[in-house]
Amino acid sequence: MASKHIVIGIDLGGTKISTALVESDGKIIAQDYRKTMAAEGQQAVIERILNSARQVMSQAKVTRSQVAAVGICAPGPLDIEAGVVVAPPNLPGWERVPLKQLIEDNLGITTFLENDANAAALSEHRFGAGRGVEHMIYITVSTGIGGGLILDGKLYHGASGMAGEVGHITIEPGGPLCGCGNRGCLEALASGTAIARVARERVAQNVPTLMTDMTDGDPERITARLVAEAAGQGDKVANEILTKAMDYLGIGMANLVNLFNPQLIVIGGGLTNIGERLFGPVRQAIEQHALRAAAQAVRVAPADLGDNVGVLGAAAVAQSRIG
Ligand SMILES: [Zn+2]
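Residues numbered from 1 in each chain as written. Predicted model: local features only at pLDDT ≥ 70, side-chain atom pairs only at ≥ 80, totals over all residues. Heavy atoms only, no water.

## Brief notes about the packing of helix 1 (residues 42-59) against helix 2 (residues 99-107)
Applied cut-off: Comment: axis = line fitted to C-alpha atoms, over the contacting stretch for helices; angle = value between 0 and 180 degrees taken between N-to-C directions. Counting from the N terminus, the helices are DSSP H or I runs at least four residues long and the strands are E runs at least two residues long. For this classification, under 35 degrees means roughly parallel, over 145 means roughly antiparallel, 65 to 115 means roughly perpendicular, and everything else is oblique. For any pair of crossing helices, the crossing counts as left-handed if the nearer helix is rotated counterclockwise from the farther one by less than a right angle, and right-handed if it is rotated clockwise. By definition, residues are in contact when any of their heavy atoms lie within 4.5 Å.
Direction vectors running N to C along helix 1 and helix 2 enclose 50 degrees, while the axes themselves pass 11 Å from each other. Taken as axis vectors, helix 1 and helix 2 run oblique relative to one another. The element helix 1 and its partner helix 2 pack so that their crossing is right-handed. Listed contacts from helix 2 to Ile46, Ile49, Leu50, Ala53 and Arg54 of helix 1 are Leu99, Leu102, Ile103, Asn106 and Leu107.

Written as structure tokens, this is what we have:
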């Protein structure tokens, strides 16, 4: 086994750190999970990241000289080229942390940093639903909406690493406030958080809906999953909320189809658990709003890699940078 084929992928999230030793074909040969415990502060989290990487090497009896590179993905905003984590909302206290340098200094292995949505795009492209495709858009729909662009077979970063921020394209001027400060972003209209927020408003307004009983009248217990369940049971209010959100998602995707003329849109994230209630409206909106030749060229498919998308994405980042 040639050493250049082994990389370490690290998926740093707000709640957990997932690390794997990965071969060039995406085969995971050792894996480690641990809690981020972000509240304990930056130093403790970095120590856990390093220990997690050491753990996968020792599990597989691989020495650091056999590892070609480390890829780490983290929530944005990041300075990718400098390898700096700027100030992610879910890693409190992190201010311009030179994560790439810290890992290189401690492990002695070349390290590359990437934002989590871009890494996931690369992951699905290399190992998942997008294998063999040249032009692909990846989006993840869960509490937020993120995305990454694979253009001409390569991850596209744009001028300052912000390309593919699909969640923050404006869909409804003057619409609901988004976490980014803008109004009417796709994320503020079609994410799980957005769906739950609208449903809570309806329940709080005493609009007749199954969701009131399903939560014992406590709007705080409403999640996007519960809205989907209520819609599945024929609840009109839940159905309207979900349909509207997925129409917005579809319009966002139709715009991307016109902009990038992709062969494939891969959709991942927790909200895809609702299946055709998400994919149906997206396909329909593309049909309805995108230019015919672009709409005919694109397929919409669910993501393939499940929970390993992040860690394999981090590995894919390392592999793509070392060539
Ligand atoms: Zn936004």
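## Looking at the domain arrangement of the protein chain
Condition: As used throughout, domain bounds are those supplied by an automatic or database domain assignment. Once two parts are put together, the accessible area they lose, assessed with a 1.4 Å probe and summed over both, is termed the buried area. Criterion for a salt bridge: a side-chain nitrogen of Lys or Arg within 4 Å of a carboxyl oxygen of Asp or Glu. Counting of polar contacts relies on pairs of N or O atoms within 3.5 Å, with two restrictions inside protein: one atom must be capable of donating a hydrogen and the other of accepting it, and residues adjacent in sequence are counted only when both atoms are side-chain atoms. Amino acids outside the nonpolar list (Ala, Val, Leu, Ile, Met, Phe, Trp, Tyr, Cys, Pro) and the charged list (Asp, Glu, Lys, Arg) are all regarded as polar, and Gly is one of them.
Under the domain assignment, the protein chain is made up of domain 1 (3-119 + 308-322) and domain 2 (129-303). Across the boundary between the two partners, domain 1 contributes six residues, which contact eight residues of domain 2. In this assembly, domain 1 packs against domain 2 so that about 550 Å² is buried in total across both faces, 50% of it on carbon and sulfur atoms. Inspection of the domain 1/domain 2 interface yields zero salt bridges. The interface formed by domain 1 and domain 2 includes one residue pair in polar contact (both at pLDDT 80 or more). Sorting the residues of the side of domain 1 that touches domain 2 by element identifies strand 7 (111-115) and helix 3 (116-127) as the ones contributing at least two each. Of the residues in the side of domain 1 that touches domain 2, the class split is three nonpolar, two polar and one charged.

## Description of the pattern of salt bridges
A complete count under the given rule lists 10 salt bridges for this structure. Residues Arg48 and Glu40 are paired through a salt bridge, measuring 3.3 Å at the closest nitrogen-oxygen approach.

## With respect to the coordination of the zinc ion
Applicable threshold: Here a donor is an N, O or S atom found within 2.8 Å of the metal, or within 3.2 Å if the metal is Na, K or Ca; sites may look incomplete because water is not among the atoms. Just to be clear on the cut-offs, tetrahedral is four donors with all angles between 85 and 135 degrees, square planar is four donors and octahedral six with opposite donors over 155 degrees apart and all others between 65 and 115, and anything else goes down as irregular. Type-normalised accessible area, obtained with a 1.4 Å probe on protein chains alone, sets the label of each residue: buried when under 20%, exposed when over 50%, and partly exposed for intermediate values.
Note on the zinc ion: its protein donors are His168 (ND1), Cys178 (SG), Cys180 (SG) and Cys185 (SG). The metal-donor distances range over 2.0 to 2.3 Å. In this structure, the zinc ion is coordinated by four donor atoms arranged in tetrahedral fashion, with angles at the metal of 103 to 123 degrees. Counting gaps between the donor residues of the zinc ion yields the pattern H-x9-C-x1-C-x4-C. Across the pair, Cys185 and Cys178 agree in class, each one buried.

## Describing the sheet that holds strand 4 (residues 69-74)
In plain terms, the rule: For two strands to be treated as a pair, DSSP must find no fewer than two bridges joining them.
The five strands lie next to each other as 3-2-1-4-7, forming an open sheet whose pairing is mixed. For this open sheet the edge positions go to strand 3 (28-35) and strand 7, each flanked by a neighbour on one side alone. Within this sheet the neighbouring strands show an average axis-to-axis angle of 15 degrees, counted without direction. In this sheet, strand 2 (residues 16-22) lies alongside strand 1 (residues 7-12) in antiparallel orientation, the contact comprising six bridges. Looking at the pairing, Leu12 lines up with Ile17 of strand 2. Sheet strands in contact with helix 1 are strand 1, strand 2, strand 3 and strand 4, and its direction is about 150 degrees off that of strand 3. Against the sheet, helix 11 (residues 309-322) makes contact with strand 1, strand 2, strand 3, strand 4 and strand 7, and its axis sits at roughly 135 degrees relative to strand 1, the strand it touches most.

## Let's talk about the side chain of Arg48
Locating Arg48 in the fold gives a position in helix 1. Residue classification places Arg48 among the buried positions, given a relative accessible area of 13%. At a separation of 3.3 Å, a polar atom in the side chain of Arg48 contacts the main-chain carbonyl oxygen of Met37. Apart from residues no more than four positions distant in its own chain, Arg48 is found in contact with Ile17, Arg34, Lys35, Thr36, Met37 and Glu40.

## What to know about the pairing of strand 11 (residues 264-268)
Among the five residues of strand 11, five are classified as buried, and the element is accordingly described as predominantly covered. The side-chain alternation of strand 11 yields two buried faces, one formed by Leu264, Val266 and Gly268 and the other by Ile265 and Ile267. Of the strand pairs in this sheet, strand 8 (residues 136-141) and strand 11 are connected by five bridges, and their pairing is parallel. Bridge assignment links Ile139 to a residue of strand 11, and that residue is Ile267.

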